[in-house]
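One letter stands for each residue in the lines below.
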Amino acid sequence: MTPHSLTDLQKRIPAARGALLWKSLDQLANTPEFREAIEREFPVAADEWPDALSRRRFLILMGASLAAAGLTSCSRQPIEKLVPYVKQPEDLVPGKPLHFASSNVLGGFARGVLVESHEGRPTKIEGNPGHPASLGATDVFMQAAILQLYDPDRSQTVLHRGFASTWDAFLAALLQEENEWARDGGTRLAFVTGGVTSPSLRYHFRRISERFPNARWIVHEPACNLETPRVLPSVDRAGVVLSLDADFLAWGPGMLTNARTFARRREPGNTMNRLYVVESVPSLTGAMADHRFPMTPSDIVRLPEQISAEMRGATNPAAPPWLPPLVRDLRKHAGDSLILAGEFLPDSAQNEIRLLNEELGNVGRTVTYPTEALTFPGTHALTELASQMLSGSINAVFLLDCNPVYTAPADIPFAEALRKVSFSVHHGLYADETAEACRWHLPDLHALENWGDALAFDGTISIIQPLIEPLYNGISPHVLAAALLKQWPANDYDIVRSYWRGILANDDFESLWRQAVHDGVMAGSVSTPAAPPPAAPRAPPSPNPNAGSGLELLIRPDPHVYDGRFANNGWLQELPKPMTKIVWENAAHIAPATAERLGLHHAEEVDLIYRGRSIRAPLWVLPGMAENCVEVALGYGRTRAGKVGSGLGFNSYQLRTADAPWGGPGLEVRATGRMHRFATTQEHNTMAGRDLVRFADLTMYRETPHFAQQHGHTPAPDQTLYPPFTYDGNAWGMAIDLNACTGCSVCTIACQAENNIPVVGRDQVQRGREMHWIRVDRYFRGTVERPDILHQPVPCMHCENAPCETVCPVAATLHDHEGLNVMVYNRCIGTRYCSNNCPYKVRRFNFLSYVDHSTPTLKLQRNPNVTVRSRGVMEKCTYCIQRINFARMNARNQNRSIRDGEIIPACAQACPAEAIVFGNINDPDSRVSKLRTDPRNYGLLAELNTRPRTTYLAKIFNPNPELKNV
Amino acid sequence: MKNDGQIFPRWCNTLAWASIAGLILMGGTMICLLAVVTRSPYLTRVDIPLEQPVPFSHEHHVGGMGIDCRYCHTTSEISPFAGVPSVETCMTCHSQVWKDAPMLQPIRDSFLSGKPVAWNRVHDLPDFVYFDHSAHVNKGVACRECHGRVDRMPLISRQETLFMGWCLACHRHPEGALGPREAVFTPRPPDQSEIRSWLQAHAGAPARPEMERPPSVTAQRLTDCSACHR
């Protein structure tokens, strides 16, 4: 890759047309590599045999494959087995899926899900519309949970010193130890758990501490800041939102709700909200902002004080120039504004922001501060525990649903300490790094295999119900807790149910319980929040401890592998990271100006040295980053994640210390001169600088509402050589509202889960062979230092004049009478002409046999209503034709037409912002028809006369007029 | 010599012509043979009963006892899959009748052990074809149109090739296969008097609703690839 000079890049920006959009710095610099990459439909070696191949060998292979191909067509269809039930379960109709409510738990917090089950085999997770933390939407972790359930690398048996053992052998060992603990009240006993909100599990923990009152409890959740006080924003009530490093639209237990309510206030008009984001690393929330200000974390910490000084009318020359207009806007919207604090800001800043919200009269209107803590509190810190383990004063430790050998800060020698403990037990889904260092490992159950409960971010009690018998010999956390109370045999259903029977103490418990299991939530379980106690008084302004020159290090969770727990999930690994589109690895992000100042280049491998510790990481120059800081994501560099996740990327935990878990100043970066080759989809499928994402300011939109349709000219429908096609019945279409889309990529992974889309791996992505049917393009606009960031999901456009159809020699892709551009896999011979002729670059080709035909558990995950594609076949978005056909059959069996909203494609169903709408465009009353008549509606590359059925609604920014020139 | 310098004698010309003709003939024979083999019962399994764990006789149960199709194939009206009866369904009768028959031993074993019986699938479409029983049944396509006279089959076998051409023939001209909804589950074709009585019953009445296409369904829709492939 050619190094870019920042000044050169900046020169290019004014030279370009009005709104220049660019995907990468390479594109902006227009390097020869970039030009070559986009001129090729398929990347280098995509259509050539990668190894040197002699003519003779080629003929041998061709002869053999010809013979083999001939033989396969002569074979008789093998006889398949039909295996009916012995006793047919009630309500189960073979061939039709059932849906069950359950909950997905991350960091202890529940998000409600509805799980699709085909004859007892869960295949797809949807959001539960009745759950306050889901509202029908899902995030990427919820979608990927189904793959985790079937992961063949999950731990399958009890391990003792690394050898297979049994639950009974463990119970015998436990019994011996237990007597000793009971004598001294568990003085030498400790428990380390992940975040827990489950009321029934907390009840068990309480009873265990009653039995062993001296035992230590440590909560270890490496990707969350557990000390952050709870904040419940009502984003839809706020006209002006200021986020100080808070990624509230895309991170945290309430993000789906925030994204949905934010989108509702985003309709361009009089009630449209305005979002200011001040952040160090470009986030999805930052990409939605009307004004985004990059700032180092140490400057953000000072900002609340500066805002409050500004509110009091003091002039502060040190304040950034945009601050006074911003504060004026906040004061104008007093009571209707909202300031959100990032999870990683220190307590003083959190408190200051709360005081600001109180001064603005926002508390109780746009935000509340609940007092009740939802997560189980620990008694001790991990550092303390490690030193006690080293000194021998702790000789028994239980590690529940956590992996501290990998995730503990680098200054805690946790692995070493753990090896000194004579009775160590790890309970988790994988036999991971911690399991290896423990005497005992007990396999956990997946959330789709056990009974349980958990609280949502707002305190709603959510029920976890199993969808399938345990695939492996997992042990429920409830059963393990019961064993510590000398209760066995026990089962999770009885434990959870009897806990709630005691709590509800109602004569009609049975119907209440059944209703709660059916709904996934316990109705009315959120108490109205009491008036919050006043915030702590304002501390005197303290000299900023972080102030100083030099680079700052930021340690953040990874957007897709979280703290490393999802490292073995192929769907999440292959999902491009929102800002960089990197897959299968992490990178150290740095601002272009800082990289140039330090003489560092994009993709160069550097040594990051922080507090005497060093790691080697490839550098990614990220436009929009704050200057003078380097961000690294956690979750990579794992050694025992499994076949998929081990040995990817670099381990940022090695730079983490207990007193600076999120980094700080004093970082040194040393160049190594070695270059790294990233696996990234950033420049794949580039549509070469055409007007693809259209946007305007609110004022401009009011003057010319049809601005998006004035780009280029749209030819008349009859300007084609092909005979016209008529659509008498339904005509399917999709509208994607770019104004609502946050770019979270859940559509991509939902589509992958629904449509049996394979994972191809890092090497294949580098060759440009990723298989996602809907991709999310990310564009930058404006300067390299402070670009606007735009997102655009791109599925198949289902063109009415489809360029792909006319070039297929075997008619494997053709039109149907509802306007779908259908792909007939069994006809496809793999010429790839269609992909070559597609202007949107949405067709995907199976260069190799990507589907895992051999792992039995992975077969269980597949959607039985979608063909599993094999090698040599082209595929692409079908608008979820299986869902269309399902709705059609239902409607026709009832002699009616398909209702609007009856068909929801997987991408639209998962979307937290409701940005994707699907329906019949021949029905003038359908939602999609109404959106297509919206002035913001435009077709992508409509000037080619493709007449796309997927259209976009242009994005509208709502900037502060006072900030025009700042 | 006359043909000095020639390697091949004159009769080789004849041989060359003969081999060209032979090749063409052979090619033609191969094509014909392939066409015959693909249509032969060896590959289509038409009229070839499969061996089953229990030699269940449709002739006896349907033709003899007159049991309705839906007694066993319970979901044929509501699901893409018609349903194969659970062992419990067999045992509703066979816990009382023929309860000691050695032929039924696998059924009793299954019922007691909970281990299901694995039948050999007779009507098996390729996995990229998505057939829906409920759509056909509710529109008046009788079972016998595809499955034949099961009331005459001691052991069930395919009556049709299940080729795509066979499906399409009907999808292009569905009129021939559509009958009264009431007669869908009748194993034998209706005789003239029955047809007359149905016609009388429906005389003057509006066209039957299940036969009416909703406005969103066009005739071409039935031959769209997406009707069966996804």
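All of these numbers come straight from a predicted model, not from anything done at the bench. (Residues numbered from 1 in each chain as written. Chains lettered and ligands numbered in written order. Predicted model: local features only at pLDDT ≥ 70, side-chain atom pairs only at ≥ 80, totals over all residues.)

Visitor: Please give an account of the overall build of chain A that cites residues and values.
Guide: The number of helices and strands found in chain A is 30 helices and 38 strands. Whereas a compact globule of 966 residues would reach a radius of gyration of roughly 30 Å, chain A reaches 29 Å, a difference of no more than 12%. Structurally, chain A occupies a C-alpha span of about 90 × 80 × 65 Å along its principal axes. Looking at chain A residue by residue over its 966 residues, the buried ones come to 51%. In chain A, of all internal contacts separated by at least 6 residues, the share reaching a separation of at least 24 is 73%. (Helix = DSSP H or I, 4+ residues; strand = E, 2+ residues; numbered from the N terminus. Rg over C-alpha atoms; globule rule 2.2 N^0.38 Å. Buried ≥ 20, exposed ≤ 12 C-beta atoms within 10 Å, placed from the backbone. Contact = placed C-beta atoms within 7 Å.)

Visitor: Now, about the overall build of chain B: what can you tell me, with residues and values included?
Guide: Looking only at helices and strands, chain B features ten helices and one strand. For chain B, the sequential pattern of α-helices and β-strands runs α-α-α-α-α-α-β-α-α-α-α. The C-alpha radius of gyration computed for chain B amounts to 27 Å, which surpasses the reference 17 Å derived for 230 residues by more than 25%, pointing to a less compact arrangement than a globule. Across its three principal directions, the C-alpha atoms of chain B cover 95 × 55 × 40 Å. Looking at the 230 residues of chain B, the share that counts as buried comes to 19%. Of the contacts made within chain B by residues no fewer than 6 positions apart, 74% connect residues no fewer than 24 positions apart.

Visitor: So what about the interface of chain A and chain B? Which residues, and what values?
Guide: Taken together, the 41 residues of chain A in the interface contact 43 residues of chain B. Broken down by element, the residue count for the side of chain A that touches chain B peaks at six residues, all from helix α28 (residues 881-893) of chain A. Tallied by class, the residues present in the side of chain A that touches chain B amount to 17 nonpolar, 15 polar and nine charged. Here strand β2 (residues 81-82) of chain A pairs with strand β1 (residues 119-120) of chain B via two bridges, running antiparallel. Bridge pairing in β1 of chain B places Lys81 of chain A opposite Asn120 of chain B. (Nonpolar A, V, L, I, M, F, W, Y, C, P; charged D, E, K, R; others polar. Pairing = 2+ DSSP bridges.)

Visitor: Tell me about the sheet that holds strand β7 (residues 163-165) of chain A, and please be specific about residues and values.
Guide: Residues and elements named next belong to chain A. Spatially, the seven strands line up as an open sheet ordered β7-β6-β18-β17-β16-β8-β9, and their pairing is mixed. Taken across any chain shown, the strands that pair with only one partner, and hence form the sheet edges, are β7 and β9 (216-219). Taking the axes of each pair of neighbouring strands and ignoring which way they run, one obtains an average angle of 20° across the sheet. Sheet analysis places strand β8 (residues 189-193) next to β9, joined by four bridges and oriented parallel. Bridge pairing in β9 links Val192 to Ile218. Contacts from helix α6 (residues 167-184) reach β6 (158-160), β7, β8, β16 (396-400), β17 (423-428) and β18 (440-443), with the element oriented near 60° to β6. (Axes fitted to C-alpha atoms, helices over the stretch in contact; angles between N-to-C directions.)

Visitor: Tell me about α28 of chain A, residues and numbers included.
Guide: Residue and element names in this part refer to chain A. For α28, with 13 residues, the first-to-last C-alpha span of 18 Å sits near the 18 Å given by 1.5 Å per residue. When we look at burial in α28, the residues that qualify are Ile881, Gln882, Arg883, Ile884, Asn885, Arg888, Met889 and Arg892. Of the residues trailing α28, Asn895 is marked for its positive phi of about 50°. (Expected span 1.5 Å × (residues − 1).)

Visitor: Lay out the pairing of strand β4 (residues 109-118) of chain A in plain terms, naming residues and giving numbers.
Guide: All names here are of chain A. Within β4, seven of the ten residues are buried, which leaves it mostly tucked inside the rest of the structure. In the sheet, strand β3 (residues 98-106) pairs with β4 via nine bridges, with the strands oriented antiparallel. Counted as the bridge partner of Leu98 is Ser117 from β4. What sits between β3 and β4 in their antiparallel hairpin is a turn of two residues, with Gly107 showing a positive phi close to 60°. Once β4 ends, the chain turns through two residues before running back antiparallel as strand β5 (residues 121-127), passing Glu119 with a positive phi of about 45°.

Visitor: Account for the environment of Val405 of chain A, naming residues and giving values.
Guide: Residues and elements named next belong to chain A. Here Val405 lies in helix α14 (residues 404-407). C-beta crowding within 10 Å serves as the criterion here: with 23 such atoms nearby, Val405 is assigned to the buried category. Distance in space between the C-alpha atoms of Val405 and Asp26 is 39 Å, their sequence separation being 379 residues. When neighbours within four sequence positions are excluded, Val405 is seen to be in contact with Phe414, Ala415, Leu418, Glu433, Thr434 and Ala437.

Visitor: Give me the lowdown on the packing of helix α10 (residues 297-311) of chain A against helix α12 (residues 347-359) of chain A, citing residues and values where you can.
Guide: Residue and element names in this part refer to chain A. Running from amino to carboxyl end, α10 crosses α12 at an angle of 30°, the nearest separation of the two axes being 8 Å. Between α10 and α12, the angle is such that the two are roughly parallel. The crossing of α10 and α12 is left-handed. Seen from α10, the contacting residues are Val301, Pro304, Glu305, Ile307, Ser308 and Met311; seen from α12, they are Ala349, Glu352, Ile353, Leu356 and Glu359. Here the contact of α10 with α12 is built from residues that sort into seven nonpolar, one polar and three charged. (Parallel < 35°, antiparallel > 145°, perpendicular 65-115°, else oblique. Left-handed = near helix turned anticlockwise from the far one by under 90°.)

Visitor: An account of the confidence of the model for chain B is requested, with residue identities and associated values reported.
Guide: Residues and elements named next belong to chain B. Of the residues in chain B, 90% have a pLDDT of 70 or more, and the chain-wide mean is 87. The least confident element of chain B is helix α10 (residues 192-202), whose mean pLDDT is 74; the most confident is helix α6 (residues 105-113), at 95. Confidence estimates for the predicted assembly give a pTM of 0.91 and an ipTM of 0.88. (pLDDT = per-residue confidence, 0-100.)

Visitor: Break down the sheet that holds strand β29 (residues 775-781) of chain A for me, with residues and values.
Guide: Residue and element names in this part refer to chain A. With antiparallel pairing, the three strands of this open sheet are ordered in space as β1-β29-β30. Pairing within the sheet leaves two strands with one partner each, and these edge strands are β1 (21-22) and β30 (788-794). Pairing of β29 with β30 involves seven bridges; the strand directions are antiparallel. For Phe780, the partnering residue across the bridge sits in β30 and is Ile789.

Visitor: Can you break down the environment of Gly127 of chain A residue by residue, with the values?
Guide: Tracing the chain through its elements places Gly127 of chain A in strand β5. Residues Gly127 of chain A and Gln143 of chain A, 16 residues apart in the sequence, show an inter-C-alpha distance of 9.1 Å.

Visitor: Help me get a handle on the packing of helix α5 (residues 87-94) of chain B against α6 of chain B, residues and values and all.
Guide: All names here are of chain B. Relative orientation of the contacting elements α5 and α6 amounts to 115°, with a least axis distance of 10 Å. As for the relative orientation of α5 and α6, their crossing is left-handed in sense. Counting all contacts with α5, which are made through Val87, Cys90, Met91 and His94, the residues of α6 involved are Ile107, Ser110 and Phe111. Considered class by class, the residues forming the contact of α5 with α6 number five nonpolar, two polar and no charged.

Visitor: Break down unusual backbone geometry for me, citing the residues and quoting the values.
Guide: Residue and element names in this part refer to chain A. Pro489 follows Trp488 through a cis peptide bond whose omega is 0°. Backbone geometry places Asp91, a non-glycine residue, at a positive phi of 70°. Along the chain, Asp91 falls in the loop between β2 and β3. For Asp91, a count of 6 C-beta atoms within 10 Å gives the class exposed. With a phi close to 50°, Arg161 is a non-glycine residue in the positive phi region. Mapping Arg161 onto the fold places it in the loop between β6 and β7. Using a count of 9 C-beta atoms within 10 Å as the deciding quantity, one classes Arg161 as exposed.

Visitor: Can you explain the environment of Leu554 of chain A? Please cite residues and give values.
Guide: Residue and element names in this part refer to chain A. By the element assignment, Leu554 lies in strand β21 (residues 551-556). Classification of Leu554 as buried rests on a count of 24 C-beta atoms within 10 Å. Sequence separation between Leu554 and Ala588 is 34 residues; the distance between their C-alpha atoms is 9.6 Å. Those residues within four positions of Leu554 in sequence are excluded, and the remaining contacts are Ser280, Val281, Pro297, Cys629, Val630, Glu631, Trp662 and Gly663.

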